[in-house]
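Architecture at a glance
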Amino acid sequence: MLEGLGHLSASRYVSPYSVALVHAGLGDRDQAMAWLEKAYAERSDYMPYLGVEPMLDGLRSDSRFAALVGKVGLPGR
């Protein structure tokens, strides 16, 4: 999946949020958080879904995730 997104990004825009979801699904918290920070920096349209996206459930206990949710302006869970 990551390789496919990498190839796709050569010819069109791929949201860092999408890449973060794949990393989160693989259990790679550090990469997921790095890509979510990129999505935040790009003001991704998907950032409001941080609070409800089930693919991100594995990150909810991470203090970096809580901080990002706060930066986005979403209520904490």
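A brief report on the enclosed structure follows.

This next bit is on the pattern of salt bridges. With the rule as written, the count across this model stands at five salt bridges. A salt bridge links Glu37 to Lys71, with the nearest nitrogen and oxygen atoms 3.0 Å apart. Placement of the pair is Glu37 in helix 3 (residues 29-41) and Lys71 in helix 4 (residues 63-72), with a sequence separation of 34 residues. When its relative accessible area of 43% is taken as the criterion, Lys71 is described as partly exposed.

Relative to the assigned elements, Asp62 resides in the loop between helix 3 and helix 4. When residues no more than four places from it in sequence are discounted, the contact partners of Asp62 are Arg29 and Met33.

Position of Val69 among the secondary structure elements: in helix 4. Taking the C-alpha atoms as reference points, Val69 and Leu2, 67 residues apart in sequence, are found 24 Å from one another. If sequence neighbours within four positions are ignored, Val69 has contacts with Leu50, Leu74 and Pro75.

Quick look at the packing of aromatic side chains now. Here the structure, examined in full by the defined rule, presents one aromatic pair. The interplanar angle of 20° and the centroid separation of 5.5 Å between the aromatic rings of Tyr17 and Tyr46 together place this pair among those described as stacked. Separated by 29 residues along the polypeptide, Tyr17 in helix 2 (residues 16-25) and Tyr46 in the loop between helix 3 and helix 4 bring together distant segments of the chain. By relative accessible area, which is 3% here, Tyr17 ends up buried. When the ring centre of Trp35 is taken as reference, the NZ or CZ atom of Lys38 above it lies at 3.9 Å.

Before going further, it helps to spend a moment on helix 4. Among the residues of helix 4, those classed as buried are Phe65, Leu68 and Val69. The buried residues of helix 4 occupy an angular sector of 100° when the element is viewed end-on, so they sit on one face. The inward-facing, buried residues of helix 4 contact helix 3. Downstream of helix 4 by one or two residues, Gly73 has phi in the positive range, about 95°.

What counts and how
- Residues numbered from 1 in each chain as written.
- Predicted model: local features only at pLDDT ≥ 70, side-chain atom pairs only at ≥ 80, totals over all residues.
- Heavy atoms only, no water.
- Salt bridge = Lys/Arg side-chain N within 4 Å of Asp/Glu carboxyl O.
- Helix = DSSP H or I, 4+ residues; strand = E, 2+ residues; numbered from the N terminus.
- Buried < 20%, exposed > 50% of the residue type's maximum accessible area, 1.4 Å probe, protein only.
- Contact = heavy atoms within 4.5 Å.
- Phe/Tyr/Trp six-rings, centres within 6.5 Å; stacked < 30°, edge-to-face > 60°.
- Lys NZ or Arg CZ within 6 Å of the ring centre and 35° of its normal.
- Arc of directions from axis to C-beta.

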